[in-house]
Amino acid sequence: MTTATLAARKPSYTLRVYESLAAGFAKAARVEKTRRALSALSDETLRDIGLSRDEIDAAALRAAR
């Protein structure tokens, strides 16, 4: 098979599953990194950016989209 033929083939189901899992793990890592960074901020700084401590998880999820 030529490279063009290989490139034109649809990815296998297994490959799509692995790509989806990898994307999910990458997103989870971004969420956790953002959550930790926001959690490290003082209450005053969080208030300045319009967040409270109980909104950190939701903000981290929104940021990872």
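These numbers come from a predicted model, not from an experiment.

Check the secondary structure of the protein and you find four helices and zero strands. In sequence order, the protein lays out its α and β elements as α-α-α-α. Taken across its 65 residues, the protein has 12% of its residues classed as buried. For the protein, the accessible surface area stands at approximately 5,300 Å², while carbon and sulfur atoms represent 58% of it.

Considered for burial, the residues of helix 4 (residues 56–63) that qualify are Ile-56, Ala-59 and Ala-60. The arc that holds every buried residue of helix 4, seen down its axis, measures 100 degrees, which confines them to one face. Buried residues belonging to helix 4 abut helix 2 (13–39) and helix 3 (43–48).

Our next topic: the nonpolar core. Counting residues in hydrophobic clusters, the biggest one holds five residues: Leu-38, Leu-46, Leu-51, Ile-56 and Ala-59. Once you skip the residues sitting within four places of it in the chain, Ile-56 turns out to touch Arg-35, Leu-38, Ser-39 and Leu-46.

Here we come to a nonpolar patch on the surface. A surface patch of nonpolar side chains, about 600 Å² in accessible area, is lined by Tyr-13, Val-17, Tyr-18, Leu-21 and Phe-25. Inspection of the secondary structure assignment puts Leu-21 in helix 2. Among the residues examined, Leu-21 registers a relative accessible area of 45% and is labelled partly exposed.

Taken as a whole and judged by the stated rule, the model has three salt bridges. The shortest N-O distance in the salt bridge between Arg-35 and Glu-32 comes to 2.7 Å. Separated by three residues within a single helix, Arg-35 and Glu-32 lie in helix 2, roughly one turn from each other. Classification of Arg-35 by relative accessible area gives partly exposed; the value is 26%. Between Arg-36 and Glu-32 there is a salt bridge, and its shortest N-O distance comes to 2.8 Å.

Thresholds applied
- Residue numbers restart at each chain and count upward from 1, following the sequence in its written direction.
- For a predicted model such as this one, the threshold for reporting local features is a pLDDT of at least 70, and the threshold for listing and counting side-chain atom pairs is 80 or more; totals across whole chains, interfaces and linings nevertheless cover every residue.
- To obtain the side-chain values, all non-hydrogen atoms of the structure were used and water was disregarded.
- Numbering of helices and strands runs from the N terminus; a helix is a DSSP stretch of H or I covering at least four residues, while a strand is a stretch of E covering at least two.
- Residue exposure (1.4 Å probe, protein chains only): buried if accessible area is under 20% of the type maximum, exposed if over 50%, otherwise partly exposed.
- Accessible areas in this description were obtained via Shrake-Rupley with a 1.4 Å probe; residue shielding takes into account the shown protein chains only.
- Read the arc as the range of directions from the helix axis to the C-beta atoms.
- Only heavy atoms matter for contacts: two residues are in contact if any of them lie within 4.5 Å across the pair.
- Note on terminology: a nonpolar core comprises buried Ala, Val, Leu, Ile, Met, Phe, Trp, Tyr and Cys residues joined through side-chain atoms within 4.5 Å.
- In this analysis, a patch consists of residues with relative accessible area above 30% that form no salt bridge, clustered at 9 Å for like charges and at 5 Å for the nonpolar side chains Val, Leu, Ile, Met, Phe, Trp and Tyr.
- What makes a salt bridge here is a side-chain nitrogen of Lys or Arg within 4 Å of a carboxyl oxygen of Asp or Glu, nothing more.

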